[in-house]
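Commentary on secondary and tertiary structure
Residues per chain are reported as follows:
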Amino acid sequence: GNGFCYDYPAIQLFKQSVHSQGAVTFLGLDCGMGDTPLQIRNELRRQGQECKLYQLTCQKEYLPDLLPHSDAAQYVPSLTKGLPSFDMQAFTCAYLSRDVGVYEDFPQLLEVVSQKLRPDGTLVFFCENPYFAITLHTLLQFQLPSGSGKKNLTDPSYIKSMAEKYFSLSKQP
């Protein structure tokens, strides 16, 4: 569930991709209780880099958990209606912790996030594989897959084509 544990593969991707001089500005998007962004900040500090952590949540109940551990945190009803600036130019990196397929307007979300990143910035997100055996099995039994009950089985190649409009994709898996 949201905020249960940090995303180890995402942390490794950020550690490899962030080559910024000075403070890293990190934007966590819909990250539950914020444990992955907090762990990313810890890892960057171990590498000798300062990290300023900003977080946006669409789940108001998580805001009290995010505020003490962030340089700034805000509730926004929707990530695609435009993101607050946090009084800065652009972010070094951003992380979307929920499956991008749960956002019906995910192409607009990718566009909005791309406008908030520096030209050499990094966005890490994931999409669930709609062809995963357990997902197919539950659908064939006419059950909703576990989770929020809302499941958008978006084709990963479509998500990739939309992301390519706004980002240059790394060769990372």
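Okay, so let's go over this structure. (Residues numbered from 1 in each chain as written. Predicted model: local features only at pLDDT ≥ 70, side-chain atom pairs only at ≥ 80, totals over all residues. Heavy atoms only, no water.)

Re the sheet that holds strand S4 (residues 91-96)
Spatial strand order, S3-S2-S1-S4-S5: 5 strands in an open sheet with parallel pairing. Each edge of the open sheet carries a strand with a single partner, namely strand S3 (72-75) and strand S5 (117-124). The mean angle between the axes of side-by-side strands here comes to 20°, regardless of whether they run parallel or antiparallel. The sheet contact formed by S4 and S5 spans 4 bridges and is parallel. Within S5, the residue paired with Phe-91 across the bridge is Leu-117. (Pairing = 2+ DSSP bridges. Helix = DSSP H or I, 4+ residues; strand = E, 2+ residues; numbered from the N terminus. Axes fitted to C-alpha atoms, helices over the stretch in contact; angles between N-to-C directions.)

Examining the pattern of salt bridges
Opposite charge on two side chains permits them to pair, given that their charged atoms come into close proximity. In the structure shown here, the tally under the stated rule is 6 salt bridges. The residue Asp-71 makes a salt bridge to Arg-41 at a minimum N-O spacing of 3.8 Å. Here Asp-71 is found in the loop between helix H3 (63-66) and S3, whereas its partner Arg-41 is found in helix H2 (residues 35-46), with 30 residues between them in sequence. For Asp-71, a relative accessible area of 43% puts it in the partly exposed group. What makes Arg-41 buried here is its relative accessible area of 11%. The closest approach of N and O atoms between Glu-50 and Arg-45, which form a salt bridge, is 3.1 Å. Residue classification places Glu-50 among the partly exposed residues on the basis of a relative accessible area of 41%. (Salt bridge = Lys/Arg side-chain N within 4 Å of Asp/Glu carboxyl O. Buried < 20%, exposed > 50% of the residue type's maximum accessible area, 1.4 Å probe, protein only.)

Notes on the packing of helix H1 (residues 8-17) against H2
Remark: H1 packs on H2, axes separated minimally by 10 Å, with the N-to-C direction vectors making an angle of 40°. Compared by their axis directions, H1 and H2 come out oblique. At the point where H1 passes H2, the crossing takes the right-handed sense. The residues of H2 that touch H1, namely those facing Ile-11, Phe-14 and Lys-15, are Thr-36, Gln-39, Ile-40 and Glu-43. (Parallel < 35°, antiparallel > 145°, perpendicular 65-115°, else oblique. Left-handed = near helix turned anticlockwise from the far one by under 90°. Contact = heavy atoms within 4.5 Å.)

Concerning the side chain of Glu-43
Note that Glu-43 resides in helix H2. According to the relative accessible area criterion, Glu-43 is buried, its value standing at 14%.

Structural notes on the packing of aromatic side chains
Per the stated rule, a full pass over the model turns up 6 aromatic pairs. Note on Phe-14 and Tyr-95: the rings are 6.3 Å apart at their centroids and 75° apart in plane angle, and the pair reads as edge-to-face. One end of the pair, Phe-14, is in helix H1; the other, Tyr-95, is in strand S4, and 81 residues separate them in sequence. A residue is classified by how much of its surface remains accessible, and Phe-14, at 1% relative accessible area, is buried. Across the ring face of Tyr-75, the terminal group of Lys-60 is positioned such that the distance to the ring centre comes to 4.8 Å. (Phe/Tyr/Trp six-rings, centres within 6.5 Å; stacked < 30°, edge-to-face > 60°. Lys NZ or Arg CZ within 6 Å of the ring centre and 35° of its normal.)

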